Amino acid sequence: MDANVDIECERGNMERNESDERGGMIRQPLLSKNRVNTSSQIAIVGSNVCPIESLDYEILENDLFKQDWRSRKKVQILQYVTLKWTLALLIGVSTGLVAFFNNLAVENIAGFKFLLTSQLMLQHKYYHAFLAFAGINLVLATCAGVLCAYIAPAAAGSGIPEVKAYLNGIDAHSILAPSTLFVKIFGSILGVAAGFVVGKEGPMVHTGACIANLLGQGGSRKYHLTWKWLRYFKNDRDRRDLITCGAAAGVAAAFRAPVGGVLFALEEAASWWRSALLWRTFFTTAVVAVVLRSLIEFCRSGRCGLFGEGGLIMFDINSSIPDYNMVDLLAVALIGVVGGILGSLYNYLVDKVLRTYSIINEKGPPFRVFLVVIISLLTSCCAYGIPWLTNCIPCPIGLEVECPAVGRSGSYKYFQCPPGHYNDLASLLLNTNDDAIRSLFSSLNANEFRITTLLVFFISMYFLGIITYGIAIPSGLFIPVILAGASYGRLVGSLLVTFSNLNVGLFALLGSASFLGGTMRMTVSLCVILLELTNNLLMLPLMMLVLLISKSVADNFNKGVYDQIVKMKGLPFLEPHAEPYLRQLVAGDVVSGPLISFSGVEKVGNIVHSLRLTSHNGFPVIDEPPFLEAPELCGVVLRSHLIVLLKGKMFTKDRRLTGTEMLQRYHAFDFAKAGLGRGLKLEDLDMKPEDMDMYVDLHPITNTSPYTVVESMSLAKAAVAFRQLGLRHLCVVPKTPGRPPIVGILTRHDFMPDHVLGLYPGIDKQK
């Protein structure tokens, strides 16, 4: 995606219509009121309005596919399986290397910034220290904003909603493109190092998915990478599996949690799952863990600059055995309830902020960068200014660590304090996010942070996290939520220190879990991620309890934050369960017309005219006399396959079957889906007037076994089948004989609530 992304996407909205979403007028959630969708579905990608397409996860069983499948030898099958595992290995290695590079860069850039600020403050040059701190933050933030606003707007935000939508069958513009990968990596480094209250964990999921997409393109004709083995992956089905592995690898790399990564992909990211995919994702995350372990061991010798014990190291809060009583269980339940309420409020406020920012972002890239600059200055002022409002604390006696810490690392920040004292609020605000979390999770000194400090830090992280998410930088939600939750949990632990057997570090961990459960609504994966992150398996019962309570409470108010963002962007996401009101309708109630179909042997002019007239991706093919006595549904043919067939100009002057000759001339790979490169378009065809009166046989490229439902089937049942089978087209056939063999085709668009409720506004949504 180049710098003209706004023009491209707007032109795409007018010219490159979505090919399988038809009819109806849908007003997208974050689109301006004058943008009404009349012929295609559009969605917000980054900050731009772009067309979206559905993905073909169905196996197209046409004659060419069957010939290719029958002709495959055992050696070719072995090649395919070997390459699939090799790509899983490469995804794990690449994601691990990128994660290590991210953390290395962040720790060194942020380390230089904090060292410079600390040195100036030691010289009592407080204004110079602020100018240096805010100036470095501003430069880093501006660079991140420029990258996102001008090169790849799709890289802004977490990226998890986009990956989740892709694995649901939605292909939005540039969400997994190489330019997005580039900006995601460097934008995330710059944004986190700039001191924003964001994490690099969410972007790592998107990064892993982009790496998997890049490796799974099946080669490139443009760059002459057309090795025969790579051709096996020129389909959405195999790419989907690889991108699922990439998303799992991203979580494993971000938290060093290989099992948590697999469970995250299963619980949150993927819409389809099978046992073979479980084993492959586990292999990928295991590779990530090995790569990170090796690189971190290399850095322990001090050869990685300021990296040292920084990011990616397990927090290892303590090795004590948690001993809890009834008071502790009541406190944990209270933390879960309050975490659920605060988490749902967090989601509500994020929703409002994103809608407000969308008004600014749609004005163009300069306004997006300006918004980044404003938030950067506000964050710098809060981080440097708020610690001045608190008093210094004498250093505890008998500490094993340096107090006050003069350098960047350390929990006891010197700030403006006299010798032998430290500023506890500066220890949290003027530190990297990883170090702040490590300090909150620590139980070495229960009185390290005062209650007022924890309250101020909680309020700061809560609201800075809300206003930062949505600006034009790659930004994850995990770290802001963990920071706010840990401060809130430690605050509760400090209040109950005389009654509880649990230490404040464990309370901080439970607070993070409650807040994560309240915002993201995940249970199993979050539980395992936090346990792997802190290396404390003994907390499992309490962790499960607090996650279950917080999720149950928050579900009464709104949806999880990623589900809200998917809906907000206008992405046509299919939920696992159909809405109750869909049971009041049948499949035949929502099919839109007029239906355009082709004969088994069709006139070239009719095909070209239909392709120009509509933007549909699939067309039913009906066999008619003289080939059959009565009309019969032959199958469905794809738009892209028709264009390839017309490009070859294998036409006849009369209506006759040419399947045998076509199978000798074409191979299944000739009709494989284009990767990142530009596939054939209708404009690429050079059709002469004499060609338009000729005929072409569509049987060899027609999917002769499409999924069909009878028109009287409940729309709810059809929606569940559509999602679980990963379809792009679902044929609706008549219930009674004597009618045309097909009533219509259902696509993803036909199951969307806006479309259904637009057709039947009087329907009772509660039933």
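The rules behind each value
- Residues numbered from 1 in each chain as written.
- Predicted model: local features only at pLDDT ≥ 70, side-chain atom pairs only at ≥ 80, totals over all residues.
- Heavy atoms only, no water.
- Core = buried A, V, L, I, M, F, W, Y, C linked by side-chain atoms within 4.5 Å.
- Buried < 20%, exposed > 50% of the residue type's maximum accessible area, 1.4 Å probe, protein only.
- Contact = heavy atoms within 4.5 Å.
- Disulfide = S-S within 2.5 Å.
- Helix = DSSP H or I, 4+ residues; strand = E, 2+ residues; numbered from the N terminus.
- 1 Å grid on protein atoms, 1.4 Å probe; cavity = no way out; pocket = protein on both sides within 12 Å on 5 of 7 lines; lining within 4 Å.
- Points joined across faces, edges and corners; volume = space filled by probe spheres on them.
- Nonpolar A, V, L, I, M, F, W, Y, C, P; charged D, E, K, R; others polar.
- Pairing = 2+ DSSP bridges.

Asks: Got a sec to walk through the nonpolar core? Specific residues and values, please.
Replies: Core analysis: the biggest nonpolar cluster contains 139 residues, and Phe196, Phe255, Phe478 and Met543 have the highest contact counts within it. With residues near it in sequence (within four places) discarded, phenylalanine 196 still touches Ala141, Gly191, Val372, Ile375, Ser376, Thr379, Asn433, Thr468, Ile471 and Ile473. With 28 residues, the next largest nonpolar core counts Ile596, Cys634, Met694 and Val696 among its residues.

Asks: Outline the state of the cysteines, listing residues and values.
Replies: In a disulfide, the sulfur atoms of two cysteines are held together by a covalent bond. Going through the model one piece at a time under the given rule, you end up with one disulfide. Each disulfide pairs two cysteine sulfurs, and for cysteine 392 the partner residue is cysteine 417, the sulfurs being separated by 2.0 Å. Disulfide cysteine 392 to cysteine 417: torsion about the S-S bond roughly -90°, handedness left-handed. With a gap of 25 residues between them, cysteine 392 in the loop between α12 (365–385) and β4 (393–394) and cysteine 417 in the loop between β4 and β5 (421–422) connect regions that are remote in the sequence. Overall, cysteine 392 belongs to the partly exposed group, its relative accessible area being 24%. Unpaired in terms of disulfides, cysteine 381 finds its nearest cysteine sulfur in cysteine 382, a separation of 7.0 Å. On the basis of relative accessible area, cysteine 381 is assigned to the partly exposed category, the value being 41%.

Asks: For the layout of surface pockets, give the residues involved together with the corresponding values.
Replies: Considering only enclosed or pocket space, the second largest pocket measures out at about 1,400 Å³ in volume. Lining the second largest pocket we find 48 residues, and of these Lys559, Lys567, Phe573, Glu575 and Glu579 sit closest to its centre. Looking at which element gives the most residues to the lining of the second largest pocket, the answer is helix α20 (residues 561–568), with five residues. Residue composition of the lining of the second largest pocket, grouped by class: 24 nonpolar, eight polar and 16 charged.

Asks: Talk me through the sheet that holds strand β6 (residues 598–599); I want residue IDs and the actual numbers.
Replies: The strand order across the open sheet built from three strands is β6-β8-β9, with neighbouring strands paired in mixed fashion. The open sheet terminates on both sides in strands that have one partner only, identified here as β6 and β9 (632–638). In this sheet, strand β8 (residues 618–623) lies alongside β6 in parallel orientation, the contact comprising two bridges. Looking at β8, one finds that serine 599 is bridged to isoleucine 622.

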